[in-house]
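# Topology and contacts: notes
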2 protein chains.
Amino acid sequence: MTRKIPVVEHILSANDQIADQNLETLKAAGVFAINIMASPGAGKTSTILKTFELLEDKIKMGVIEGDLASSIDADKAQAAGIPVVQINTGGGCHLDAVMLKDAFPNLPLVSLDLLIVENVGNLVCPANFKIGTHKNVLIASIPEGDDKPYKYPGMYRGVDALIINKIDLMPYVDFDIEYFLKGVEILNPGLQSFSVSCKTGEGFEAWINWLVEQVKGHDR
Amino acid sequence: MTRKIPVVEHILSANDQIADQNLETLKAAGVFAINIMASPGAGKTSTILKTFELLEDKIKMGVIEGDLASSIDADKAQAAGIPVVQINTGGGCHLDAVMLKDAFPNLPLVSLDLLIVENVGNLVCPANFKIGTHKNVLIASIPEGDDKPYKYPGMYRGVDALIINKIDLMPYVDFDIEYFLKGVEILNPGLQSFSVSCKTGEGFEAWINWLVEQVKGHDR
């Protein structure tokens with residue numbers, strides 16, 4: 001057992017070093033970047049497409065899509081006119097800093113203001129790997145249930161903002177928002193959160209305002 | 001890089017050996033066991049509770065609940081009167097054979113006909129670890145979207161049955177069932193599937209019939 005621990009630490013540390021380099025690359029290019037994490041199907045791509053639609057005139061945005069397989073998400077982004085790179089992890093359960101680094105040369109970084117990285121759909125593993133973005137954003141979704149903060153504490157603890165998506169489904173599912181937010185508050189006191197619906201567009205104004213503020217105010 | 005591969009193979013092989021022992025333990029006790037996998041919030045616990053409600057008079061059932069943290073699911077099972085053990089992985093993204101082995105002594109195995117193991121909510125990692133059950137069952141859920149087979153092929157490829165849950169939400173979300181099933185068929189031709197709603201009970205009869213058939217027909 002004792003032999004295993006140093007190996008794991010070494011891997012994490014190498015990843016963190018490259019994550020720091022990625023952040024330097026982004027700063028040098030004047031790009032603010034966020035890492036979006038969520039369960040499968042919580043609405044990561046839909047949120048990105050809606051965000052692009054609302055920001056298009058104000059801010060130049062690019063996207064890196066992470067999936068085990070397929071280019072479904074990148075195809076949607078490209079169809080919307082967003083500069084995009086698809087990373088296929090080939091079965092890997094999260095993005096890492098090297099994957100992000102390797103994706104950079106395929107994007108016109110210097111002409112972008114904002115880069116959104118969509119991580120692999122997974123509420124566990126992505127929380128353990130820095131990739132080198134400025135902020136981590138988690139998307140929760142109403143039909144996935146109100147107990148997720150209690151069951152996936154690592155993910156909820158490590159993020160800088162929370163989007164609560166699919167609020168249009170609230171009338172059709174059992175979701176106790178007080179219980180949910182109580183769990184969030186225990187793990188991540190004062191976490192900035194935004195209740196939205198990608199379907200109806202409800203709630204996007206506050207998210208967009210926050211995001212624009214982040215992009216304009218970040219350390220370049 | 002070359003040094004890493006033997007280590008990984010060794011770990012998988014040790015896990016598989018214990019998984020085989022687990023299956024022998026279950027066979028010796030006359031218990032048929034299934035491993036339920038799904039995204040967070042797809043309805044694993046709800047399916048288990050509904051299944052228990054419908055089987056209670058016919059079949060003696062026990063449950064092992066796997067979560068990163070909390071005993072929320074085990075509490076629900078216990079409240080319903082199901083013999084249950086909660087495994088907390090402490091951040092680990094899947095159950096493994098050792099965890100299952102360690103849980104066995106806490107259940108009255110010889111008095112059970114059916115053991116349902118609820119894996120950690122994750123569409124990636126659990127697919128790579130045998131735990132030692134007879135069958136693997138995947139729960140997909142309508143609001144998580146119709147593109148999941150294409151994006152998580154490893155999970156869809158490795159299961160023996162598929163439950164499609166939350167069909168009551170079909171009128172409120174965009175879900176192309178033909179596109180979804182086409183993806184399933186490519187990865188896992190002829191896969192047995194059951195469309196259900198834990199909320200309304202719709203579709204449970206076919207699932208229960210299949211399950212009873214499995215329990216009665218398995219190699220003891």
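Sequence order sets the numbering: in each chain, residues are counted from 1 along the sequence as written. Working convention: letters from A go to chains and numbers from 1 go to ligands, in the order in which they are written. Note on the predicted model: pLDDT of at least 70 is required for a residue's local features to be given, and 80 or more for side-chain atom pairs to be given and counted; whole-chain, interface and lining totals, by contrast, use all residues. Hydrogens are left out, water is left out, and the side-chain values use all remaining heavy atoms of the structure.

## As for the pairing of strand β1 (residues 32-38) of chain B
All names here are of chain B. When accessible area is computed with a 1.4 Å probe and restricted to protein chains, residues below 20% of their type maximum are described as buried, those above 50% as exposed, and intermediate ones as partly exposed. Numbering of helices and strands starts at the N terminus; helices are DSSP runs of H or I of at least 4 residues and strands are runs of E of at least 2. In terms of residue burial, β1 counts as a mostly covered element, since 7 of its 7 residues are buried. Here β1 shows no split at all, with F32, I34, I36 and A38 on one side and A33, N35 and M37 on the other all buried. Whether two strands pair depends on DSSP finding at least two bridges between them. Looking at chain direction, β1 and strand β4 (residues 114-118) are connected through 5 bridges and run parallel. Among the inter-strand pairings, I36 is bridged to a residue of β4, identified as E118. Relative to strand β5 (residues 135-141), β1 runs parallel, the two sharing 5 bridges. The partner of A38 across the bridge, within β5, is I139.

## Some words on the confidence of the model for chain A
Looking at any residue, its pLDDT shows the predictor's confidence there, from 0 to 100. Looking at chain A, the pLDDT average stands at 94 and 94% of residues meet or exceed 70. Should any heavy atoms of two residues lie within 4.5 Å, those residues are considered in contact. Throughout residues 1-5 of chain A the model reports pLDDT below 50, and contacts reaching past four residues in sequence, or to other chains, amount to 0 contacts.

## So, the packing of helix α2 (residues 44-55) of chain B against helix α8 (residues 204-217) of chain B
Residues and elements named next belong to chain B. Angles shown run from 0 to 180 degrees and are taken between the N-to-C directions of axes, each axis being a line fitted to C-alpha atoms and, for helices, limited to the stretch in contact. Put simply, α2 and α8 touch, their axes get as near as 11 Å, and they point 75° apart. Comparing the axis directions of α2 and α8 gives the class roughly perpendicular. Where α2 approaches α8, its residues T47, K50, T51, L54 and L55 are matched on the opposing element by F204, W207, I208, L211 and V212. Angular relationships are summarised with four words: roughly parallel below 35 degrees, roughly antiparallel beyond 145, roughly perpendicular across 65 to 115, and oblique for the angles in between.

## Looking at helix α3 (residues 72-79) of chain B
Within α3 of chain B the residues assigned to the buried category are I72, D73, A74 and A77 of chain B. Structurally, α3 of chain B contributes buried residues whose contacts are with α5 (148-151) and α7 (177-187) of chain A together with α2, β2 (61-67), β3 (84-88) and β4 of chain B.

## Topic: the interface of chain B and chain A
If you look at the interface, chain B gives 36 residues, while chain A gives 36 residues. Once two parts are put together, the accessible area they lose, assessed with a 1.4 Å probe and summed over both, is termed the buried area. When the two sides are added together, the surface that chain B and chain A hide from each other amounts to roughly 2,600 Å², 61% of it contributed by carbon and sulfur. If you sort the residues of chain B by the area they bury against chain A, P40, K151 and Y172 of chain B come out on top, with a joint share of 23%. Only one rule defines a salt bridge in this text: a Lys or Arg side-chain nitrogen within 4 Å of an Asp or Glu carboxyl oxygen. At the boundary of chain B and chain A, one finds 2 salt bridges. For K151 of chain B, the salt bridge identified is with D73 of chain A, shortest N-O distance 2.7 Å. For the purposes of these results, a polar contact is taken to be a pair of N or O atoms within 3.5 Å, where, inside protein, one atom must be able to donate a hydrogen and its partner to accept one; residues adjacent in sequence count only when each atom of the pair is a side-chain atom. In this assembly, chain B and chain A are joined by 8 residue pairs in polar contact (both at pLDDT 80 or more). Those elements that place two or more of their residues in the side of chain B that touches chain A are α3 and α5 (148-151) of chain B. In the side of chain B that touches chain A, the residues fall into 17 nonpolar, 8 polar and 11 charged. Side-chain classes are defined by residue name, with Ala, Val, Leu, Ile, Met, Phe, Trp, Tyr, Cys and Pro counting as nonpolar, Asp, Glu, Lys and Arg as charged, and the others, Gly among them, as polar.

## What about α7 of chain A?
Residues and elements named next belong to chain A. Among the residues making up α7, those that are buried are F180, G183, V184 and L187. One side of α7 carries all its buried residues, which in axial view fall inside an arc of 100°. Summarising the geometry of α7, the exposed residues directed more than 90 degrees from the buried face are E178, K182 and I186. Check the buried side of α7 and you find it contacts β5 (135-141), α5, α6 (153-157) and β6 (161-165). Taking the helix axis as origin, the arc is that swept by the directions to the C-beta atoms.

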